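Analysis of the macromolecular model
Spelled out from the first residue to the last, the chains are:
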Protein chains: 2
Amino acid sequence: MSTAAIRYRPEMSRSGLPPTYAVTVVDEQGRTEEGRIAGEFPLTLYVDRLEIVTLMTLGTHPEALTLGYLKNQGLVRSIEDIVSIQVDWDVQSVAVTTRSGTEGWEEKLARRTVTTGCGQGTVFGRIMEELDQLQLPQKPIRQSTIYGLLKNLNEYNDVYKSAGAVHGCALCKDSEILIFIEDVGRHNAVDAIAGLMWLEDIGGEDKMFYTTGRLTSEMVIKVAQMRVPALLSRSGVTKMGLDLARKVGVTLIARAKGRHFLVYHGADNLLYDARPSF
Amino acid sequence: MSTAAIRYRPEMSRSGLPPTYAVTVVDEQGRTEEGRIAGEFPLTLYVDRLEIVTLMTLGTHPEALTLGYLKNQGLVRSIEDIVSIQVDWDVQSVAVTTRSGTEGWEEKLARRTVTTGCGQGTVFGRIMEELDQLQLPQKPIRQSTIYGLLKNLNEYNDVYKSAGAVHGCALCKDSEILIFIEDVGRHNAVDAIAGLMWLEDIGGEDKMFYTTGRLTSEMVIKVAQMRVPALLSRSGVTKMGLDLARKVGVTLIARAKGRHFLVYHGADNLLYDARPSF
């Protein structure tokens, strides 16, 4: 018998789509061959019949994406406020029912417009203010843990391997991958992980976050909002990603491939217990 | 003496920022080394004092980005309507002055909110309707032209080579690169190219568009809006990118590296005049 308290869960559809689709392509010799491409579908989010946003998504985790979007945008504060999440791909939409309704949201959404970036999707001014309050705990990170994690990550990213055109994100505890989600938008992959963390009441403080994508301002902001103090990436870092990581205390490890990595912030947290001999 | 008519040009600042910045990083041996990272800065766009949006950008082409954003979002229809574009990085903003003002824009922007995707930045419903009207001209594309172009592109992407974390986009005529722009957001790179095309009155019909990024719905939409009938990428294709390319007639060539490429749509337009012998 489990001793865990019974967690509240909204009523949710389970409407994940297949991630890849067969296509016929023609190569450089003029030969026809079969290939696979990643899905990409519009999903329009309605909360109590108010239209909020259209997300372009791979569609494998639409309910978790919806949850994480509502949380990360600061639109819903408590999961108990959400009665149900029902995805209907026939009309490319998801209907969320809440207890407290959307009174005052139109103003919130209008304010969002003017500070939402094309391709950014963040509520810039408000989020910057919130980050001013935030200081993440500094945790030691073993080099051997990073290598173990990178090894374990090789077994994931199925969609990328078969079809490309997606980014993968993972929530990790030590070398273990707790959640791995791919999406055509990396913001969606992060939001979907945030949604699952919310649903399962998983804290971020003792975790590491991995992404195949670049460590830009938005990635650091989202990871900081999830209270995860360390961010690992195969790709590079931008100036504002670094500035924000310094500000809130996110250890930033990028260019991680094979045995190589570069620590852009928080090198004091690294325990070099597995230095390569070459 | 040039016979070209004198083109109207808004009064514009020239406030491009340096693209990369020095940082100190620590590698997997615990060694400190010097590296470079790509810039990323918030740029808040005001039109006649109305706040429109905050874009996160590399900052090398802020005026062109502003122009292209206003055009691609359908906010300004004629370049003659724009009196001036003044970027001031001290306050991380750009002030646009127009002749006809922003009456009715608040409603336009409010409508945008509810259909703008996180990480997508497109006005989904309206743009889909506009695409229904669009059919791009079908142009033959020589394989030798693709190879010549890929070779010429090797000399660009300076920021990526030195700092990573950016996407590059190019407007090309045959094998010649007319404009090459990198940005931390690939939507920004496309918008900045659209801005320069608008400024210089360059048509898209006889061009090809190259991007290092994935061919998603948004990339196909933007290229179609610029009337460019062919899209070439080093990366992959998503399902909706392909669906839209079929609908409006954009030839889609992806996975282009070395001699290899795959044609996802419009293979009938390819002239195989340079088949590799291996």
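Residues numbered from 1 in each chain as written. Chains lettered and ligands numbered in written order. Predicted model: local features only at pLDDT ≥ 70, side-chain atom pairs only at ≥ 80, totals over all residues. Heavy atoms only, no water.

1. Overview of the relation of the copies chain B and chain A
How we decide: In superposing the copies, a least-squares fit is computed on C-alpha atoms, taking residues whose pLDDT is at least 70 in both. Should any heavy atoms of two residues lie within 4.5 Å, those residues are counted as being in contact.
Of the transformation superimposing chain B on chain A, the axial component is 0.0 Å and the angular component is 180°, with the fit at an RMSD of 0.0 Å. The symmetry that links the two subunits is that of a two-fold axis. Both copies contact each other with a shared surface, as 100% of the interface residues of chain B are interface residues in chain A too.

2. A look at the sheet that holds strand 7 (residues 93–98) of chain A
All names here are of chain A. Condition: Any two strands between which DSSP finds at least two bridges are classified as paired. A helix here means a DSSP run of H or I that spans at least four residues, while a strand means a run of E at least two residues long, and both kinds are numbered starting from the N terminus. Each axis is a line fitted through C-alpha atoms, and for a helix only the stretch in contact is used; angles between axes span 0 to 180 degrees, taken between their N-to-C directions.
Strand order across the open sheet formed by 5 strands is 1-6-7-4-5, with mixed pairing between neighbours. A single partner strand is all that each edge strand has here, and the edge strands are strand 1 (11–12) and strand 5 (50–57). Inspection of the sheet shows strand 4 (residues 41–47) paired to strand 5 by 7 bridges, in the antiparallel sense. What sits directly across from Leu45, in strand 5, is Val53. Helix 1 (residues 62–72) contacts strand 1, strand 4, strand 5, strand 6 (82–88) and strand 7 of the sheet and is inclined by roughly 130° relative to strand 6.

3. As for helix 1 of chain A
Residue and element names in this part refer to chain A. To be explicit about the condition: Think of it in three bands: residues with accessible area under 20% of the maximum for their type are buried, residues over 50% are exposed, and the middle band is partly exposed, with areas taken using a 1.4 Å probe on protein chains only.
Counted residue by residue, helix 1 has 10 buried out of 11 residues, so it is predominantly covered. Along helix 1, the residues that are buried comprise Pro62, Glu63, Ala64, Leu65, Thr66, Leu67, Gly68, Tyr69, Leu70 and Asn72. Phi turns positive one or two residues past the end of helix 1, at Gly74, with a value near 70°.

4. Some details on the packing of aromatic side chains
Residue and element names in this part refer to chain A. Definition in use: The aromatic pairing rule takes the rings of Phe, Tyr and Trp, using the six-membered ring of Trp, and pairs them if the centres are within 6.5 Å, calling planes under 30 degrees apart stacked, those over 60 edge-to-face and the rest tilted.
A full pass over the atoms with the stated rule returns 8 aromatic pairs over all chains. On the basis of an interplanar angle of 40° and a centroid distance of 5.2 Å, the ring pair of Tyr156 and Phe180 is categorised as tilted. One end of the pair, Tyr156, is in the loop between helix 4 (143–153) and helix 5 (158–163); the other, Phe180, is in strand 10 (residues 176–183), and 24 residues separate them in sequence. Owing to a relative accessible area of 31%, Tyr156 belongs among the partly exposed residues under this scheme. With a relative accessible area of 17%, Phe180 lands in the buried category.

5. So, the nonpolar core
What counts here: Remark: nonpolar core denotes a set of buried residues (Ala, Val, Leu, Ile, Met, Phe, Trp, Tyr, Cys) joined through side-chain atoms within 4.5 Å.
Residues Phe209 of chain A together with Phe209 of chain B are the most contacted members of the largest nonpolar core, which totals 136 residues. Not counting residues within four places of it along the chain, the set of residues in contact with Phe209 of chain B comprises Cys169, Ala170, Leu171, Val190, Ile193, Met219, Val223, Met226, Val228, Ala230, Leu231 and Leu232 of chain B. Counting residues in hydrophobic clusters, the runner-up holds 21 residues, among them Ile141, Leu153, Ile177 and Phe180 of chain B.

6. Here we look at the environment of Thr211 of chain A
All names here are of chain A. Residue placement: Thr211 occurs in strand 11 (residues 208–211). As a C-alpha pair, Thr211 and Arg234 span 23 residues in sequence and 7.0 Å in three-dimensional space. Look past the residues within four positions of Thr211 in its chain and what remains in contact with it is Gly168, Cys169, Met219, Leu231, Leu232, Ser233 and Arg234.

7. Structural notes on the confidence of the model for chain A
Interpreting fine coordinate detail is not advised for predicted regions of low pLDDT. What counts, and what does not: pLDDT gives the predictor's per-residue confidence on a scale running from 0 to 100.
Summarising the model, chain A shows a mean pLDDT of 89, and 92% of its residues fall at 70 or more. Predicted complex, confidence summary: ipTM 0.89, pTM 0.91.

8. Considering the pattern of salt bridges
Definition in use: Any carboxyl oxygen of Asp or Glu that lies within 4 Å of a side-chain nitrogen of Lys or Arg is treated as forming a salt bridge with it.
Counting across every chain of the model gives 18 salt bridges over all chains. Two residues, Arg31 of chain A and Asp27 of chain A, come together in a salt bridge whose shortest N-O distance is 2.8 Å. Given a relative accessible area of 48%, Arg31 of chain A falls into the partly exposed group. Among the ionic pairs, Lys239 of chain B bridges to Asp243 of chain B, the shortest N-O distance being 3.2 Å. With a gap of 4 residues between them, Lys239 of chain B and Asp243 of chain B both fall in helix 8 (residues 239–248), about one helical turn apart.

9. Describing the interface of chain B and chain A
The condition is simple: Any pair of N or O atoms that falls within 3.5 Å is considered a polar contact. Within protein, one atom must be able to donate a hydrogen and the other to accept it, and sequence-neighbouring residues count only if both atoms are side-chain atoms.
Counting from both sides, the interface comprises 69 residues of chain B and, opposite them, 69 residues of chain A. At the junction of chain B with chain A, the criterion picks out 0 salt bridges. Taken together, chain B and chain A are joined by 24 residue pairs in polar contact (both at pLDDT 80 or more). With 2 bridges connecting them, strand 2 (residues 20–27) of chain A and strand 14 (residues 260–265) of chain B associate as antiparallel partners. When the sheet's bridge partners are listed, Val26 of chain A is paired in strand 14 of chain B with Val263 of chain B.

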